[in-house]
Amino acid sequence: MNSTPNTNSPPSRPETFLDERSALSCVHCGLCLAACPTYLETGNENRSPRGRVYLMRQLQSGRAALDAVAVAPIDSCLGCLACQPACPAGVHYGELLETTRDFIERRFTRPWFERVLRRWVIEGVFPFPWRMRLALLPLKLIRALGLERFLPKFARDAAALVPSDVRMVDLPEISPGEGPLKGRVGIITGCVQSVLFSQTNAATLRLLNRAGYDVIAPMEQGCCGALYSHSGRLEKARECARHNIATFERHRLDYIVINASGCGSTLKNYGQLLKDDPAWAKRAEAFAAKVRDFVEVMVISKSEIRVLNSEVGVRTSDFGLRTSLVTYHDACHLANAQGIRQQPRDLLRAVCGANFVELPETELCCGSAGTYNLTQPAMAARLQERKTGNILKTGAKIVVTTNPGCLLQIRAGLSKAGRADIEALHMADFLERKLSPSDCPVAPGRKPNLCLTPPAAGS
Ligand code: SF4
Ligand code: SF4
């Protein structure tokens, strides 16, 4: 959707919103271009990281007017951060993008449709699980009556992302670990995650318990702020951060675990988000230092699997034969923002052996990108189609990933391609299924939870 020129907003005046040193460190070498999905799809310099950094500096200096023409390339950025690891000059593109978007949201008046979508739907519903639950009721009714085809296209596309089998499970506030206690962790249940993927949260909790962790899921926790920070509402994101820091400080925890990559990168960024707030900066750093993605704490010991397999006469190489071909999609906010690429592959190789296959262009965004598939549906659909095509090339029957947005986008893509027979699963659901008593080849009388060996608490 295109923004129309803003005639009501105050005239653009120069304002320092960028970290000038970081912005100036872009030497226009262009090495980031091949990593950028929107540049690869359009070939347009204005849709590249280099072009966007240049535009941000133009906006800051006042040489470019803050109008619809200038806002469109920033809106079209996925925030996937694929450009960041590709940049030899170390440009902190993610920070430049967030502060530019914050500047835009404060100074630019969007057309009414975009305002409704961003303020009322994305900010007004998604961060509040109970509002999300209410919002799902009319959709359930429309589906039950078979009326989806009468919805306008944008609503039909959005509805297609919502799974048809949403069953909500509320997590207990305290769940004791099994066997010798390895530690005590808090779990972030997420907003969208806790409504559309509450069963994945429950699987995550059970796996942590089986690995010997007590799990605390504080009821008072709220949105991590990712939805706000990605859409340029930094003050709202800071409010979320302060609330969650205060909530989790009430518990003695070794780690704070999250199984949604987009939220995880925001939680790990709390120190940066609150660095200018003297009352919260240190507390935010301490909180962020404890945050771990689920795949970081859930490590399967290969030697343990080997020992257990030998007891029942199963060769390690046989282990993977118990599963169909499995591939893995790197969620941008796990791979690019948190630099976590190896651990999920180690987990999958431990469970699938030779039946794990790499996905072509795995690092390329699927088009979900938070709420990008709602605000920029055309580009999101192109990237979804590209991702689906790559999945089909692997011949895999299961694609595993670590982020709810990616799961929704990939499932909808497979469904559009008529390949709903290929499952898209969260890592926690996949592991729980594969480590169930029927699938995990352990010695008789020994529990499958012996397959799970997370690192010692505090390591
Ligand atoms: S790779 Fe880095 S320095 Fe080179 S153009 Fe891209 S952002 Fe600028
Ligand atoms: S964040 Fe992603 S879409 Fe945006 S400029 Fe970087 S690589 Fe391109």
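As shown above, the structure is provided for reference.
Conventions used here
Residues numbered from 1 in each chain as written. Chains lettered and ligands numbered in written order. Predicted model: local features only at pLDDT ≥ 70, side-chain atom pairs only at ≥ 80, totals over all residues. Pairing = 2+ DSSP bridges. Helix = DSSP H or I, 4+ residues; strand = E, 2+ residues; numbered from the N terminus. Contact = placed C-beta atoms within 7 Å. Axes fitted to C-alpha atoms, helices over the stretch in contact; angles between N-to-C directions. Parallel < 35°, antiparallel > 145°, perpendicular 65-115°, else oblique. Left-handed = near helix turned anticlockwise from the far one by under 90°. Nonpolar A, V, L, I, M, F, W, Y, C, P; charged D, E, K, R; others polar. Near = placed C-beta within 6 Å. Buried ≥ 20, exposed ≤ 12 C-beta atoms within 10 Å, placed from the backbone.

S.K.: Give me the sheet that holds strand 4 (residues 255-258): which residues, what numbers.
M.R.: An order of 1-3-2-4-5 is seen for the five strands of this open sheet, with the pairing classed as mixed. Both outer strands of the open sheet, strand 1 (174-175) and strand 5 (291-293), are each paired with one neighbouring strand and no more. Across four bridges, the pairing between strand 2 (residues 183-188) and strand 3 (residues 213-216) is parallel. By the bridge assignment for strand 3, glycine 183 is matched with tyrosine 213. The sheet strands contacting helix 14 (residues 261-268) are strand 2, strand 4 and strand 5, and the helix crosses strand 5 at an angle near 155 degrees.

S.K.: Tell me what's going on with the sheet that holds strand 6 (residues 326-328), and back it up with residues and numbers.
M.R.: Here four strands make up an open sheet; going across it, the order is 7-6-8-9 and the pairing parallel. Two strands bound the open sheet, and with one partner strand each, they are strand 7 (356-358) and strand 9 (423-426). In this sheet, adjacent strand axes meet at a mean angle of 35 degrees when their direction is disregarded. The strands that helix 21 (residues 342-352) touches are strand 6, strand 7 and strand 8 (398-401); relative to strand 6, the one it contacts most, it runs at about 175 degrees. Sheet strands touched by helix 25 (residues 427-434): strand 8 and strand 9. Its angle to strand 9, the strand with the most contacts, is close to 95 degrees.

S.K.: Which residues make up the packing of helix 3 (residues 49-61) against helix 6 (residues 93-107), and what values do they have?
M.R.: Interaxial distance between helix 3 and helix 6 falls to 11 Å at its minimum, and their mutual angle equals 45 degrees. For the element pair helix 3 / helix 6, the angle class is oblique. In the packing of helix 3 onto helix 6, the handedness of the crossing is left-handed. Contacts between helix 3 and helix 6 involve Pro49, Val53, Met56 and Leu59 from the former and Tyr93, Leu96 and Thr100 from the latter. The class makeup of the residues in the contact of helix 3 with helix 6 is six nonpolar, one polar and no charged.

S.K.: So what about the site of ligand 2? Which residues, and what values?
M.R.: Looking at ligand 2, there are 14 residues lining it, with Cys36, Pro49, Cys77, Cys80 and Cys83 nearest. Contributions of two or more residues to the shell around ligand 2 are made by helix 2 (37-42) and helix 3. Of the residues in the shell around ligand 2, the class split is eleven nonpolar, two polar and one charged.

S.K.: An account of unusual backbone geometry is needed here, citing residue identities and associated values.
M.R.: Positive phi values are uncommon outside glycine, yet histidine 28 reaches one of about 60 degrees. Within the secondary structure, histidine 28 is located in the loop between helix 1 (20-24) and helix 2. On the basis of neighbour count, histidine 28 is assigned to the exposed category, with 10 C-beta atoms found within 10 Å.

S.K.: Now, about the site of ligand 1: what can you tell me, with residues and values included?
M.R.: Not every one of the 14 residues close to ligand 1 is listed here, only the nearest: Cys26, Cys29, Cys32, Arg50 and Cys87. Sorting elements by how many residues they give to the shell around ligand 1 places helix 3 first, with three residues. Split into classes, the residues belonging to the shell around ligand 1 amount to eleven nonpolar, two polar and one charged.

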